[in-house]
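Working through the structure, step by step
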Amino acid sequence: MEFSKSTRHLIRRNEPLAPYTWLQIGGNASLFAEPNSLEELSQLLADAHRLSLPVRLLGSGSNILCRESGFDGLVISLSTAELSKIEIRGERLIARAGARLNHVISAAVGAGLSGLEHLAGIPGTIGGGVVSNAGVTNDDLGSHVDRVTIIVRDGKMANLDRRQLQFGFRRSNLDDMVIAEVELALEPMDSAELTRRMQTNWIVKSKNQPQSGTRTVQAFIEPDGASLADLLEAASVRGLADGEVCLSAQHAGYITVSGQATSEQVLALMERVSRAVEIHSGIQLQSPLKIW
Ligand SMILES: Cc1cc2nc3c(=O)[nH]c(=O)nc-3n(C[C@H](O)[C@H](O)[C@H](O)COP(=O)(O)OP(=O)(O)OC[C@H]3O[C@@H](n4cnc5c(N)ncnc54)[C@H](O)[C@@H]3O)c2cc1C
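In short, a report on the structure. None of the values given here were measured: they were computed from a predicted structure.

A few words now on the site of the ligand. In the neighbourhood of the ligand, 34 residues make up the surrounding shell, with Leu57, Ser60, Ser62, Thr125 and Gly135 lying closest. Contact distances for the ligand include 2.6 Å between an oxygen atom and a backbone N or O atom of Leu57. Gly59 has a polar backbone atom sitting 2.8 Å from an oxygen atom of the ligand. Against a free-state accessible area of 980 Å², the protein chains account for coverage of 95% of the ligand. Only strand E3 (55-58), helix H4 (126-131), strand E15 (178-185) and strand E17 (216-218) provide two or more residues apiece to the shell around the ligand. Looking at the shell around the ligand element by element, the count peaks at four residues for H4. Classifying every residue of the shell around the ligand gives 16 nonpolar, 15 polar and three charged.

In C-alpha cells, the structure reads:
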C-alpha cells in the first residue's frame, strides 16, 4: 500500500481512537494522519481514493461513538494549527474545518461580529458543526454559513455557495463530504455587548450539559414538538444505568461513561431508553451520534 512521497511520513498505523473521542471508547484506526496543510489533506484524500481506502474525518470527537473493532481505513484528524486557522475579512469569518467552534465564536465576538454568540458552549470543530448543523433552540450554525469549501474524492477542492447548501434540524446535505473551510456571513455589533451575550449563553449552556471533562455524548436530541426531558421522565429512564454507562439524570439526553465502559454497553443503554420512550409515548427518539 503506497501513499505518495508527500504524505507517506504522515501515516501512523494502528492508532488508538479512544483518546480522540469524548467517550474515550474505541479500537484502532488501521491508518491515521494529521495533515499540516490543505495540500497535504488533498493529497491524502487523493491517495486514499487511488488505494480504494475508506476514509473518515475526525473533528474533536464529541459526536462519535467508536466501536472496539476500530476502523479499517484512513482516519484523518484536522487538529493541526494550519487546518484550524480563523480569519476575519470585513463582515465575514473564514475558518478552516478543524477550528474549534468556541474559538470561532470568540474571534467573531472580538471582531464585533454578531451571529454566532448563541452557539457558545457547543463543543466541537466548525467542520463537525457544519456537517451536523450544530445548534441550540433558537439558532444553528447553518443559518450563518455562506460558503463551504469541500475536497472531493480525487483531492480537488470545490466551493459550494449558499444556494447549494441545505441545513435542517441537526443535519445538512454535506454528510458524506470532506469540509476543508467554512465562510460565515455575520453582522457588525458592539463587541462589549456581544461579549456579554456570549458569556451569558455560555453559562446557560454549561449548566444544561455535563461538566467539561466528563466522558459524555449527546445521545438523543429534542424530538419535534415534544420535550425530551419530559419524555425521559415519563418513561422512568432518567438516571438509568448499566454498569459504567448512565443516562444522565440532570441533563436530558446525555450519556456519561466511566471506567472500562464499552461501545456495546452504550448502544445497549441507548436501545433500552429508546424502547422505553417509544412504548410509553409512541415517539421514536433520534440520536445525532455517528457510530464508527
Ligand atoms: C457535552 C456536549 C454538548 C453538546 N451540545 C450540543 C448542542 O447544544 N448542539 C448541537 O448541535 N450539538 C451538541 N453536541 C454534539 C457535538 O458537539 C456536535 O455535533 C459537534 O458539532 C461535533 O463536532 P466535532 O468536531 O466534535 O465532530 P466529531 O465528533 O469529530 O465528528 C462528528 C461527525 O462529523 C464528521 N466530521 C467532522 N469534521 C468533518 C469535516 N471537516 N468534514 C466532514 N465531516 C466531518 C465526522 O466524520 C463525524 O461523522 C454536544 C456534544 C457534547 C459532548
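Right, let's talk about the packing of aromatic side chains for a bit. Within this structure, the stated rule accounts for two aromatic pairs. Residues Tyr20 and Phe32 carry aromatic rings whose centres are separated by 4.7 Å and whose planes lie at 35 degrees to one another, so their mutual orientation is tilted. Separated by twelve residues along the polypeptide, Tyr20 in the loop between strand E1 (12-16) and strand E2 (28-33) and Phe32 in strand E2 bring together distant segments of the chain. Its relative accessible area of 21% is what places Tyr20 among the partly exposed residues. Taking the centre distance of 6.5 Å and the plane angle of 45 degrees together, the rings of Phe71 and Trp292 count as tilted. Note that Phe71 is positioned in strand E5 (residues 71-77) and Trp292 in the segment after strand E21 (290-291), a separation of 221 residues in sequence. The burial state of Phe71 is the same as that of Trp292; both residues are buried.

Cut-offs and rules
- Per chain, residues are indexed from 1 in the order of the written sequence.
- Only residues with pLDDT of 70 or above have their local features reported here, since the model is predicted, and side-chain atom pairs are shown and tallied only from 80 upward, although totals for entire chains, interfaces and linings are computed over all residues.
- As a rule here, side-chain values come from all non-hydrogen atoms in the structure, and water together with hydrogens is ignored.
- Here a residue is near a molecule or strand as soon as one of its heavy atoms is found within 4 Å of it.
- Think of a polar contact as two N or O atoms within 3.5 Å of one another; within protein, one of them needs to be a possible hydrogen donor and the other a possible acceptor, and neighboring residues in sequence only count if both atoms come from side chains.
- We get accessible surface area from the Shrake-Rupley algorithm with a probe of 1.4 Å; when it comes to residues, only the shown protein chains can shield them.
- Secondary structure elements are defined from DSSP: runs of H or I of at least 4 residues count as helices, runs of E of at least 2 residues count as strands, and each element is numbered from the N terminus.
- Only Asp, Glu, Lys and Arg are considered charged, only Ala, Val, Leu, Ile, Met, Phe, Trp, Tyr, Cys and Pro nonpolar, and every remaining residue, Gly among them, polar.
- The criterion for an aromatic pair is that two Phe, Tyr or Trp rings (for Trp, the six-membered ring) have centres within 6.5 Å, with stacked assigned to planes under 30 degrees apart, edge-to-face to planes over 60 apart and tilted to the rest.
- Residue burial is assigned from relative accessible area. The probe radius is 1.4 Å, only protein chains are included, and a residue is buried under 20% of its type maximum, exposed over 50%, and partly exposed in between.

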